[in-house]
Amino acid sequence: DHRDLHSFPTRRSSDLSVMKARSNLSLFSDLVFFVAVPDQPPAEINATASSSTSITVTWSSVPSGHENGIITGYRVLYIDQANSQPKLDVTVDANISYIELKDLLVYTNYCVEVLAFTSQGDGIRSPCVYTSTGDSGKHVTSLFVTTTSS
């Protein structure tokens, strides 16, 4: 079965330009998907014990220009440093910049991380912020001693 060259489908050069443009758009959309998550964590993360079983975590926005899309929320991840419990996480809306982690172990050190996310996924996690819950049986009292020389 011999077929001549005219029986094969042909494409005009303008068709090839459109195909190339579509291919480039596909590459571009893949690239946008790849960088559409925050490439830096939220700023100014602070974690402090608010009771013997809770920690208050606060943060500021992802630095300007590093959001890579619209921030849709934040995820706070935390684990006790002894790893006696699984790592837990809490998600909050984008308009919230603090959370109180409750029902924690008494007098325990915790690692707390915060990340921002977009509709495309999670951004970069912050480094661990270490803090500890208090001891429910002890109250901290400040003692100032002044000495006078005679």
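What you see is a predicted model; the values in this text were computed from it and never measured.

A. Structural view of the pattern of salt bridges. Counted according to the given criterion, the structure contains 4 salt bridges. One salt bridge connects Lys87 with Glu113, and the closest N-O pair in it is separated by 2.9 Å. A residue pair is termed long-range when its members are at least 10 positions apart, and Lys87 in the loop between strand S3 (73-80) and strand S4 (88-93) and Glu113 in strand S6 (residues 109-118) qualify at 26 residues. By relative accessible area, Lys87 is classed as partly exposed at 38%.

B. Main features of the pairing of S6. Buried residues dominate S6, accounting for 9 of its 10 residues. Strand direction decides the pairing type here: S3 and S6, joined by 8 bridges, are antiparallel. Pairing of Val76 across the sheet is with Val114, part of S6. Strand direction decides the pairing type here: S6 and strand S8 (residues 129-132), joined by 4 bridges, are antiparallel. Following the sheet pairing, Val112 is matched in S8 by Val129.

C. Here's a closer look at the side chain of Thr108. Position of Thr108 among the secondary structure elements: in the loop between strand S5 (98-101) and S6. Of the residues examined, Thr108 reaches a relative accessible area of 14% and is grouped as buried. Within the structure, the side chain of Thr108 is placed 3.5 Å from the backbone oxygen of Leu105, a separation counted as a polar contact. Separated by 2.9 Å, the side chain of Thr108 and the backbone oxygen of Val106 make a polar contact. Excluding residues within four positions of it along the chain, Thr108 makes contact with Asp80, Thr131, Ser132 and Thr133.

D. Seen up close, the nonpolar core. Counting 19 residues, the largest nonpolar core has Val57, Trp59, Val76, Ile99, Leu101 and Val112 as its most contacted members. Secondary-structure elements contributing two or more residues to this core are strand S1 (43-51), strand S2 (54-60), S3, S5 and S6. Looking at which element gives the most residues to this core, the answer is S6, with 4 residues. Among all residues touching Trp59, those that are not within four sequence positions of it are Pro42, Ala43, Glu44, Ile45, Tyr74, Val76, Val92, Ile96, Ser97, Tyr98, Ile99 and Val114.

Cut-offs applied
- Residues numbered from 1 in each chain as written.
- Predicted model: local features only at pLDDT ≥ 70, side-chain atom pairs only at ≥ 80, totals over all residues.
- Heavy atoms only, no water.
- Salt bridge = Lys/Arg side-chain N within 4 Å of Asp/Glu carboxyl O.
- Helix = DSSP H or I, 4+ residues; strand = E, 2+ residues; numbered from the N terminus.
- Buried < 20%, exposed > 50% of the residue type's maximum accessible area, 1.4 Å probe, protein only.
- Pairing = 2+ DSSP bridges.
- Polar contact = N/O pair within 3.5 Å; in protein donor to acceptor, adjacent residues only side chain to side chain.
- Contact = heavy atoms within 4.5 Å.
- Core = buried A, V, L, I, M, F, W, Y, C linked by side-chain atoms within 4.5 Å.

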